[in-house]
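So you can see what is in the structure, the chains are spelled out below.
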Number of protein chains: 2
Amino acid sequence: MKIVVDAMGGDHAPLAAVQGALDAHRIHGVDIVLVGRTEALQDCMKQINITELPAGVELKEATEVVEICDDPATAFKKKKDSSLTVGMQMVKDGEGDAFVSAGSTGALLAGATLLVKRIRGIRRAALCPIIPVFGGKALLCDCGANAECTSEYLLQFAYLANFYAKRVLGVESPRIGLLNIGAEPSKGDSLRHEVFALLTEAKEAGRLNFVGNIEANDALMGGADVIVADGFAGNIMLKTVEGSAKFMLKELKKAFYSNTKSKIGALLIKDSLGEMRKMLDPSEVGGTAFLGISKPIIKAHGSSDAHAFCNAILRAKEYVESGLIADIETHIADMKVETIGEKTQMPS
Amino acid sequence: MKIVVDAMGGDHAPLAAVQGALDAHRIHGVDIVLVGRTEALQDCMKQINITELPAGVELKEATEVVEICDDPATAFKKKKDSSLTVGMQMVKDGEGDAFVSAGSTGALLAGATLLVKRIRGIRRAALCPIIPVFGGKALLCDCGANAECTSEYLLQFAYLANFYAKRVLGVESPRIGLLNIGAEPSKGDSLRHEVFALLTEAKEAGRLNFVGNIEANDALMGGADVIVADGFAGNIMLKTVEGSAKFMLKELKKAFYSNTKSKIGALLIKDSLGEMRKMLDPSEVGGTAFLGISKPIIKAHGSSDAHAFCNAILRAKEYVESGLIADIETHIADMKVETIGEKTQMPS
């Protein structure tokens, strides 16, 4: 298996990308293509005392870099020799099995959609992060790729994440919850009512284990394996989880350092807090899958360090091995909604 | 000042309501009307060893109770002799200055809107909780009363919460942030684009201190005093904060009890954690204001204990004293948006 890595994307690129990719090669046994300015990549290797490329690791020259200030919708086209475009083109052409990038989410989404292309029948690609919930993990789909959604998009997000939860998280019959502002079917806006009806039909047909509407607090207590959301609400939830964790860890630190007694106490519980910190550390997951694209594309966090890059590459490996894309292609007929005027209906 | 309290609403009513109201009477010096089944209320007083009503506390008979199973939209009308309807009617008729209830949010909203009525010119009432953020507090408006919103509603929510932040939180020039999935003006859906334009106009006219779009994580780090949201996104944010806090406190507890060393450590830092727990405890705030109604209406949490009821009554007292409703009435002309066909424009 060969993973193509955008070595120039992210706040700590190229060093973190190079180091993380070499770690992933060693630990997870995947071949690697590092895409970027060859000279810069060689400099990085010198910095970490690697004089020769290990077997199974290669460099691919790309002279340009997509910057944060570039227009995300057009960057991949305008900068044809960017690490992002060159890397995605390789995956599209079958010269690699998956693409990992910590660069601009918008540029990656545009490139994935317009260059690599969506799976036939899928209306929109979705960002599907693995988030920590009490007692385990859940998928949140979509979390920001699509600010405006139709009911068909949300039905498709449910299927995409359902197969991902089965194949990658190993959940046999993933519990699908529709993120809403109350549990009753009448809750929420008209989009939620339409999606509730579509997911109920999918449940009755034995296709999805739809458990109904779920509120954000219940989702965080582990009430669903898949949380289906439009990209706006999903992003609000994801960023609120991030913000709450940061806020609470800061308050915790303040409490720990408030006096001598608490400082001693903090020393004694430090080790036991390790697991909680690890659970809340985004670099442990490392990467978020763009579901619905015809090849595995993984978005690493912009602030990824080497450890996060290494984990993002592991996510890419799992994705390639999962058979997820074939699953989606096989079931695409279930994910279609016929739109008649203003009304949305399932095909009969 | 006289606060009317729905003594029958909430999971721990009527005992928690009676006890909390008597505490508020004693501590905060407000007169109280307890609305509910007189016999049940007298039983509660016996339970807490009060044989005679203190001066300034009275009972008002209401034979019915709005239950969770009642249709929220019609409950206040169908149960004319419910504590909710009788209490709101008193406030409407000037027999009390504010109404506090821990009953059904939907029934309270419907009653407030249709019986007490909105301030003239206000399109929708909004729930505006005070939420903890790093270094202080912020207002989140709306957080669930309106799942579907127009840009005018959101402009009005910004003004309502702006005056509330000034008058009740004492912030001189509240920083108004529009909850969005990115900071740039181009981020989000078409509703956010419209509201961004309206808030920018209000800023340029010197009416609001609009600080732009704000992401949920930045809002939780204290980036705005007022977070403007549609009721769907606002509710997702609020419930995610609640869920994250619960989740992390559970994980913290797990870490504390994991071994002997950590247990000793936990004992030593217990006192220092008090402030953090207090900050995250919803009963400390106690009540959420329904802004935009012509009289002060405060929603207490359904699970309110006596302490939460007492604090909700304090919120009602602050609201009455604030002069907030007069503020809104004076500035109502600034909050109007003329709708021309599909396009939303400010009046010239």
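Residues numbered from 1 in each chain as written. Chains lettered and ligands numbered in written order. Predicted model: local features only at pLDDT ≥ 70, side-chain atom pairs only at ≥ 80, totals over all residues. Heavy atoms only, no water.

Student: Describe the relation of the copies chain A and chain B, listing the residues and the values that go with them.
Tutor: Each copy of the sequence occupies a distinct position, and chain A is placed on chain B by a rotation of 180 degrees and an axial shift of 0.0 Å, giving an RMSD of 0.0 Å. Here the two chains are linked by the operation of a two-fold rotation axis. Considering only C-alpha atoms, the residue of chain A closest to the rotation axis is G265(A), which sits at 1.9 Å. Of all interface residues in chain A, 100% are interface residues in chain B too; the two copies therefore contact each other through one and the same surface. (Least-squares fit on C-alpha atoms with pLDDT ≥ 70 in both. Contact = heavy atoms within 4.5 Å.)

Student: So what's going on with the nonpolar core? Which residues, and what values?
Tutor: In this structure, M237(A) and M237(B) are the most contacted members of the largest nonpolar core, which totals 94 residues. In this structure, M237(A) is in contact with I131(A), L140(A), L179(A), A216(A), A219(A), L220(A), I227(A), I236(B) and T240(B), ignoring residues within four places of it in sequence. (Core = buried A, V, L, I, M, F, W, Y, C linked by side-chain atoms within 4.5 Å. Buried < 20%, exposed > 50% of the residue type's maximum accessible area, 1.4 Å probe, protein only.)

Student: Can you tell me about the pattern of salt bridges, naming the residues and giving the values?
Tutor: Going through the model one piece at a time under the given rule, you end up with 26 salt bridges over all chains. The closest approach of N and O atoms between R123(A) and E152(A), which form a salt bridge, is 2.7 Å. Of this pair, R123(A) sits in the loop between α5 (105–117) and β5 (126–128) while E152(A) sits in helix α6 (residues 151–167), and the two are 29 residues apart along the sequence. Residue R123(A) is classed as partly exposed on the basis of its relative accessible area, which comes to 38%. Between D225(B) and R175(B) there is a salt bridge whose closest N-O contact spans 3.0 Å. Remark: R175(B) occurs in strand β8 (residues 175–179) and D225(B) occurs in the loop between α8 (216–220) and β10 (226–228); sequence separation between them is 50 residues. Exposure remark for R175(B): the relative accessible area of 30% places this residue in the partly exposed category. Through salt bridges with shared partners, a single ionic network connects D189(A), R192(A) and D230(A). (Salt bridge = Lys/Arg side-chain N within 4 Å of Asp/Glu carboxyl O. Helix = DSSP H or I, 4+ residues; strand = E, 2+ residues; numbered from the N terminus.)

Student: Kindly report on the environment of A216(B), identifying the contributing residues and their values.
Tutor: As for its placement among the helices and strands, A216(B) is situated in helix α8. A216(B) sits in the buried class, given a relative accessible area of 1%. Separated by 121 residues in the primary sequence, A216(B) and E95(B) place their C-alpha atoms 41 Å from one another. Residues in contact with A216(B), not counting those within four places in the same chain, are I236(A), K239(A), T240(A), L179(B), N180(B) and M237(B).

Student: Pulling in residues and values, what's your account of the sheet that holds β5(A)?
Tutor: Residues and elements named next belong to chain A. Across the sheet, which stays open at both edges, the 7 strands sit in the order β3-β2-β1-β4-β12-β11-β5 with mixed pairing between neighbours. Lying at the two open borders of the sheet, with one neighbouring strand each, are β3 (57–61) and β5. On average, adjacent strands in this sheet sit at an angle of 25 degrees to one another, irrespective of strand direction. Note: strand β4 (residues 98–101) against strand β12 (residues 297–300), 3 bridges, orientation parallel. The partner of F99 across the bridge, within β12, is I297. Sheet strands in contact with α5 are β4, β5, β11 (287–291) and β12, and its direction is about 175 degrees off that of β12. Packing of α6 onto the sheet brings it into contact with β5 and β11, and relative to β11 it is tilted by some 130 degrees. (Pairing = 2+ DSSP bridges. Axes fitted to C-alpha atoms, helices over the stretch in contact; angles between N-to-C directions.)

Student: Give a description of the interface of chain A and chain B that names residues and reports values.
Tutor: At the junction of the two partners, chain A supplies 57 residues and chain B supplies 57 residues. In total, chain A and chain B occlude about 4900 Å² of area from one another, counting both sides; carbon and sulfur atoms represent 75% of this. When the area that chain A buries against chain B is broken down by residue, the three leading residues are F232(A), F247(A) and M248(A), summing to 15%. There are 4 salt bridges connecting chain A and chain B. Summed over the shared surface of chain A and chain B, the number is 10 residue pairs in polar contact (both at pLDDT 80 or more). Where the side of chain A that touches chain B is concerned, the elements lending two or more residues are β6 (130–133), α7 (190–204), α8 (216–220), α9 (231–256) and α10 (260–280) of chain A. Considering every element that reaches the side of chain A that touches chain B, the biggest residue donor is α9(A), with 22 residues. A class-by-class count of the residues in the side of chain A that touches chain B yields 29 nonpolar, 16 polar and 12 charged. (Buried area = accessible area lost by both parts, 1.4 Å probe. Polar contact = N/O pair within 3.5 Å; in protein donor to acceptor, adjacent residues only side chain to side chain. Nonpolar A, V, L, I, M, F, W, Y, C, P; charged D, E, K, R; others polar.)

Student: Which residues make up the pairing of strand β1 (residues 2–6) of chain B, and what are the values?
Tutor: Residue and element names in this part refer to chain B. Counting buried positions over the 5 residues of β1 gives 4, a clear majority of the element. The sheet contact formed by β1 and strand β2 (residues 31–36) spans 5 bridges and is parallel. Each residue of the ladder has a partner; that of I3, found in β2, is I32. Of the crossover connections in this fold, the one passing from β1 over helix α1 (residues 15–28) to the parallel β2 is right-handed. (Right-handed = clockwise from strand over helix to strand, strands pointing away.)

Student: Pulling in residues and values, what's your account of the side chain of S304(A)?
Tutor: Residues and elements named next belong to chain A. Note on placement: S304 falls in the loop between β12 and α12 (306–322). S304 sits in the buried class, given a relative accessible area of 3%. Among the polar contacts made by the side chain of S304, one reaches the main-chain carbonyl oxygen of H301 at a distance of 2.6 Å. Residues contacting S304, with those up to four places away along its chain left out, are H12, A16, A102, G286 and F309.

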